[in-house]
Amino acid sequence: MAQPNASISQIIAVSYPAVLNEMRKAANQWAESAFMRELERQGAVSRVAFGATIEKTLDYQRNPGTQISSVGLAPISLTETEVFSAASYDIAEITAPLVWSRKTEVQNPTENQKIAFVKGLLENGINSHDDIIEQALFATSTNGLLGLGTHVTTAGTGSDGGIDSTVNTFWRNQQSTYVDDTDIEAAFTTVWNACAKGSGSKLMPTLMVSDGATQALFEGTQQANQRYVDSEELKAGFKILGFKTSRYVFSQYGGASVYFLNPKNFQLEVSKGNFRDLGETEPIANTNGYVRKIYSAAQTSTNNRSRLGVAHV
């Protein structure tokens with residue numbers, strides 16, 4: 001509870017945990033984004049303790065000395081076993097500044113006025129912080145935060161985590177093309193099967209995302225056997241279609257490329273101690289103003305690029 005005559009800075013400090021908690025509730029979390037909600041729901045947003053970089057150990061190939069033989073005492077390879085490598089990712093920073101002036105304090109003299117102002121300021125700051133992350137996820141790189149354009153390229157190649165897939169073919173993602181509604185389902189099947197590799201369900205794609213127009217194109221091919229996989233999300237206005245084991249959502253920042261992901265191999269990693277962290281109040285030099293910053297350290301990563309895919313035009 002704010003004290004009488006408390007400053008905006010003091011009210012921000014008291015109000016922030018409650019506002020953040022309210023925005024994490026199911027009805028409000030990632031309020032305008034089915035994609036970010038789905039990443040959270042599937043466990044693809046991972047809160048971890050960071051080091052200087054994010055290192056992902058890769059078990060990237062079958063032991064090359066493994067063999068089948070019908071001859072007794074057949075010679076075996078004694079070459080040192082090399083089956084591990086690592087992808088390395090730098091850490092990006094996200095900041096949403098909360099700025100107000102001393103004049104704002106004057107214009108909101110009562111505690112109730114200040115609380116209303118602070119609540120709006122905090123809600124906008126948190127939403128802005130989350131929204132810019134979603135937007136960056138559909139880019140290649142946004143000031144150091146890597147997007148799907150880096151991890152899942154339309155050619156399947158490219159460098160990711162310091163590993164060049166032109167040389168290291170195991171590091172290529174899956175991809176297929178489609179022209180229109182006549183072949184989009186076939187392209188989806190090709191990519192999904194290539195990502196799955198016939199293996200266990202934990203490594204099959206569980207999340208697909210594109211823009212709304214492309215999801216609608218696919219939906220139009222499914223009218224006879226249309227499948228919505230979450231009635232509660234549908235009531236909330238988020239249309240989630242089903243394709244095999246995947247939940248297909250759309251984002252306002254997506255495009256005609258349809259990404260195939262799963263939380264075992266694609267993660268948005270955020271710092272356990274620095275995710276939506278509220279900094280201290282700082283006076284702005286040479287002005288009658290103040291700033292507090294909502295701050296996060298984060299990065300996207302993959303530990304198996306061959307399990308990710310894209311269907312594209």
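Keep in mind that this is a model prediction, so the values were computed, not measured. (Residues numbered from 1 in each chain as written. Predicted model: local features only at pLDDT ≥ 70, side-chain atom pairs only at ≥ 80, totals over all residues. Heavy atoms only, no water.)

Visitor: Before we move on, could you go through the confidence of the model for the chain and cite the residues and values that matter?
Guide: Low-pLDDT portions of the prediction should not be read for the details of their coordinates. With 84% of its residues at a pLDDT of at least 70, the chain reaches an overall mean of 86. In this model residues 26-30 is a low-confidence stretch, pLDDT under 50, and it forms 15 contacts with partners more than four residues away in sequence or in other chains. (pLDDT = per-residue confidence, 0-100. Contact = heavy atoms within 4.5 Å.)

Visitor: Before we move on, could you go through the packing of aromatic side chains and cite the residues and values that matter?
Guide: Within this structure, the stated rule accounts for 10 aromatic pairs. Seen in terms of ring centroids, Phe 35 and Phe 138 are 5.3 Å apart; in terms of plane orientation they differ by 50°. Their pairing is tilted. Here Phe 35 is found in helix H2 (residues 34-41), whereas its partner Phe 138 is found in the loop between helix H4 (111-137) and strand S5 (141-142), with 103 residues between them in sequence. Its relative accessible area of 16% is what places Phe 138 among the buried residues. When the centroid spacing of 5.8 Å and the interplanar angle of 75° are considered together, the rings of Phe 188 and Tyr 248 count as edge-to-face. Highlighted residues: Phe 188 in helix H6 (residues 184-196) and Tyr 248 in strand S12 (residues 246-250), separated in sequence by 60 residues. We note that Phe 188, like Tyr 248, is buried. Of the aromatic side chains, those joined through ring pairs into one cluster are Phe 188, Phe 218, Phe 243, Tyr 248 and Phe 260. Lying across the ring of Trp 192, Lys 244 places its NZ or CZ 5.0 Å from the centre. (Phe/Tyr/Trp six-rings, centres within 6.5 Å; stacked < 30°, edge-to-face > 60°. Helix = DSSP H or I, 4+ residues; strand = E, 2+ residues; numbered from the N terminus. Buried < 20%, exposed > 50% of the residue type's maximum accessible area, 1.4 Å probe, protein only. Lys NZ or Arg CZ within 6 Å of the ring centre and 35° of its normal.)

Visitor: Tell me about the packing of H2 against H4, residues and numbers included.
Guide: Look at H2 against H4: their axes get within 10 Å of each other, and the N-to-C directions meet at 90°. Comparing the axis directions of H2 and H4 gives the class roughly perpendicular. Along its contact with H2, which presents Phe 35, Met 36 and Leu 39, the element H4 presents Ile 133, Glu 134 and Leu 137. Across the contact of H2 with H4, the residue classes tally to 5 nonpolar, no polar and 1 charged. (Axes fitted to C-alpha atoms, helices over the stretch in contact; angles between N-to-C directions. Parallel < 35°, antiparallel > 145°, perpendicular 65-115°, else oblique. Nonpolar A, V, L, I, M, F, W, Y, C, P; charged D, E, K, R; others polar.)

Visitor: Describe the packing of H6 against helix H7 (residues 212-220), naming the residues involved and giving the relevant values.
Guide: Two numbers describe how H6 lies on H7: the axes approach to 9 Å, and their chain directions differ by 105°. Relative to H7, the element H6 lies roughly perpendicular. On H7, the residues touching Ile 184, Glu 185 and Phe 188 of H6 are Thr 214, Leu 217 and Phe 218. Residue classes in the contact of H6 with H7 are distributed as 4 nonpolar, 1 polar and 1 charged.

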